[in-house]
Amino acid sequence: MKLKFTILFFIFSSIVYGQKFYTSDIDNFYQAFDLACNDTTNAQKIFDKYYFKKGTKGLDDFYKFKIKDKEKFSEKVIKGKEFYASIRQELKNVSKFEDSIIKNYNRFTEVYPKAEFGDIYFVVGRLSSNGTISKNGLIIGTEYLSKTESNSKNWNSSMLNNIFDFNHIPITVFHEMIHFNQNGMVRENNLLSYALREGSAEFLTELFTGKTDGDYKAFQNREVVIWEDFKKEMYQDKSISWRDENEPLRPRNALYWAGYLICKSYYENLNDKQQAVYDILNVKNNLDFYKKSKVEDYIIKHFK
């Protein structure tokens, strides 16, 4: 039976599945942005007063986790004011994705009835993250998800390569929602654990939306070499070198890719697909899950 749901609209938020969609931080950002661009000497004070101090709980958390420094934030925005101006119209229309997000949630709930959906906060950052979670909900760094054909005509190659398409927002939301439902997963300080946490979010996002949050084209024809390196280091306390670009060894977000493969192999090898989704979200023993995934066979079958 499909779930029935009701959407109630408010000025700054709407309630879905008992959650709220907050867009007020975007409005506050652009109020501060206009003032700061006209008074760059006092930009930091202006952003503090009109953006951060008026912010939602989500913005408070995003500042703690991802922005961290108001001076650097202000400098980044003023230096990139043409970029932030170019994406203004898109960011003010993030509410257009509510229907897509709800449809994705419906699909997920049919398979995982115990799913929890935190409030979603759409904020503007300093290009440090497209999303994270906190106890207050899902927090989406919208400036990182703002590219359209029309607004990006004058962007440099770095921006064109790194900024996600605006229509990618529901994908990032789903990825972060999966993280919000990983309380049943064991945490260990090793690469395998980090990979399963991120890789499970990537695999389940693809399973229910048709796309992964990240782009893994750079791994093509390099899978076996990168996988062999992963096996050598998966019991070590490593994450940064497997998250950041580390050429010539491997592309960015290699731990996501490795965890994705493990979870995909596990899912394909289990007949009960609903149970597989549950298991992926509630890994109790990382090594046991790794062995049961038969990922080594998957690597041989698909890449050797």
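J.: Sorry, what's going on with the overall build of the protein here?
T.: If you tally the helices and strands in the protein, you get 16 helices and eight strands. Its C-alpha radius of gyration of 20 Å places the protein within 12% of the 19 Å reference for a compact globule of 304 residues. In terms of overall dimensions, the protein has C-alpha extents of about 60 × 50 × 35 Å along its principal axes. Residue burial in the protein is summarised as follows: out of 304 residues, 53% are buried. Counting only contacts in the protein whose residues sit at least 6 apart along the sequence, the fraction spanning at least 24 positions is 67%. Between the centroid of the 45 positive side chains of the protein and the centroid of its 41 negative side chains there is a distance of 2 Å.

J.: Sorry, what's going on with helix H16 (residues 295–303) here?
T.: An α-helix turns once every 3.6 residues. As a result, residues three or four positions apart point the same way. Looking only at H16, the buried set comprises Val295, Tyr298 and Ile299. Seen end-on, H16 carries its buried residues on one side only, within an arc spanning 100 degrees. Considering only its buried residues, H16 is in contact with helix H11 (223–233), helix H13 (254–269) and helix H15 (286–293).

J.: When you look at the pairing of strand S5 (residues 131–134) in this model, what are you seeing that I'm missing?
T.: Residues in a regular strand point their side chains to alternate faces of the sheet. One ladder, built from four bridges, connects S5 with strand S6 (residues 137–141); its direction is antiparallel. Bridge pairing in S6 places Ile133 opposite Leu138. Linkage of S5 to S6, two consecutive antiparallel strands, is achieved through a turn of two residues.

J.: Got a minute to help me understand the packing of aromatic side chains in this structure?
T.: Centre-to-centre distance and the angle between the planes together describe a pair of aromatic rings. Across all of its chains, the model carries 32 aromatic pairs by this definition. With 6.2 Å between their ring centres and 40 degrees between their planes, Tyr112 and Tyr278 make a pair best called tilted. Here Tyr112, found in the loop between helix H7 (98–111) and strand S4 (119–123), pairs with Tyr278, found in helix H14 (residues 273–281); they are 166 residues apart in sequence, far enough to count as distant. Taken together, the aromatic side chains of Phe29, Tyr30, Phe33, Phe47, Tyr51, Phe52, Tyr63, Phe73, Phe83, Tyr84 and Trp155 make up a single cluster linked through ring pairs. Taking NZ or CZ as reference, Lys70 lies 5.6 Å from the ring centre of Tyr63, over its face.

J.: Sorry, what's going on with the packing of H7 against H14 here?
T.: Each packed pair of helices is defined by two parameters, the angle between the axes and the distance between the axes. One way to put it is that H7 packs onto H14 with a least axis distance of 9 Å and a crossing angle of 100 degrees. Accordingly, the angle class assigned to the pair H7 and H14 is roughly perpendicular. Contacts between H7 and H14 involve Phe108, Glu110 and Val111 from the former and Gln274, Val277 and Leu281 from the latter. Looking at the contact of H7 with H14 residue by residue, the classes come out as four nonpolar, one polar and one charged.

J.: Before we go on, may I ask you to explain the confidence of the model for the protein in this structure?
T.: Detailed reading of the predicted coordinates is not advisable wherever pLDDT is low. Residues at a pLDDT of 70 or more form 94% of the protein, whose mean pLDDT is 94. This model gives residues 1–15 a pLDDT under 50, and the stretch forms 32 contacts once residues within four places in sequence are excluded.

J.: Any chance you could explain the environment of Lys72 here in plain terms?
T.: Tracing the backbone shows Lys72 in helix H4 (residues 70–79). When the C-alpha atoms of Lys72 and Leu196 are compared, they prove to be 33 Å apart, with 124 residues separating the residues in sequence.

J.: Explanation requested: the nonpolar core in the structure shown.
T.: With 89 residues, the main nonpolar core has Phe29, Phe47, Tyr51, Phe108, Phe122, Trp227 and Phe230 as its most contacted residues. Tallying contributions element by element places H13 first for this core, with eleven residues. Those residues in contact with Phe108 that sit more than four places away from it in its chain are Ala115, Phe117, Phe174, Met177, Ile178, Phe208, Val277 and Leu281.

J.: I keep staring at the pattern of salt bridges and nothing clicks. Help me out?
T.: Proximity of charged atoms lets side chains of opposite charge pair with each other. Throughout the structure, instances matching the rule amount to ten salt bridges. Of the charged contacts in the structure, one is a salt bridge between Glu228 and Lys231, with a shortest N-O distance of 3.5 Å. In this pair, Glu228 and Lys231 both sit in helix H11, three residues apart, roughly one turn of the helix. The partner of Lys231 in a salt bridge is Glu296, and the shortest N-O contact between them spans 3.5 Å. Of this pair, Lys231 sits in helix H11 while Glu296 sits in helix H16, and the two are 65 residues apart along the sequence. Assessed through its relative accessible area of 27%, Glu296 is described here as partly exposed.

The rules behind the values
- Residues numbered from 1 in each chain as written.
- Predicted model: local features only at pLDDT ≥ 70, side-chain atom pairs only at ≥ 80, totals over all residues.
- Heavy atoms only, no water.
- Helix = DSSP H or I, 4+ residues; strand = E, 2+ residues; numbered from the N terminus.
- Rg over C-alpha atoms; globule rule 2.2 N^0.38 Å.
- Buried < 20%, exposed > 50% of the residue type's maximum accessible area, 1.4 Å probe, protein only.
- Contact = heavy atoms within 4.5 Å.
- Lys, Arg positive; Asp, Glu negative; His and termini not counted.
- Charge placed at Lys NZ, Arg CZ, Asp CG, Glu CD.
- Arc of directions from axis to C-beta.
- Pairing = 2+ DSSP bridges.
- Phe/Tyr/Trp six-rings, centres within 6.5 Å; stacked < 30°, edge-to-face > 60°.
- Lys NZ or Arg CZ within 6 Å of the ring centre and 35° of its normal.
- Axes fitted to C-alpha atoms, helices over the stretch in contact; angles between N-to-C directions.
- Parallel < 35°, antiparallel > 145°, perpendicular 65-115°, else oblique.
- Nonpolar A, V, L, I, M, F, W, Y, C, P; charged D, E, K, R; others polar.
- pLDDT = per-residue confidence, 0-100.
- Core = buried A, V, L, I, M, F, W, Y, C linked by side-chain atoms within 4.5 Å.
- Salt bridge = Lys/Arg side-chain N within 4 Å of Asp/Glu carboxyl O.

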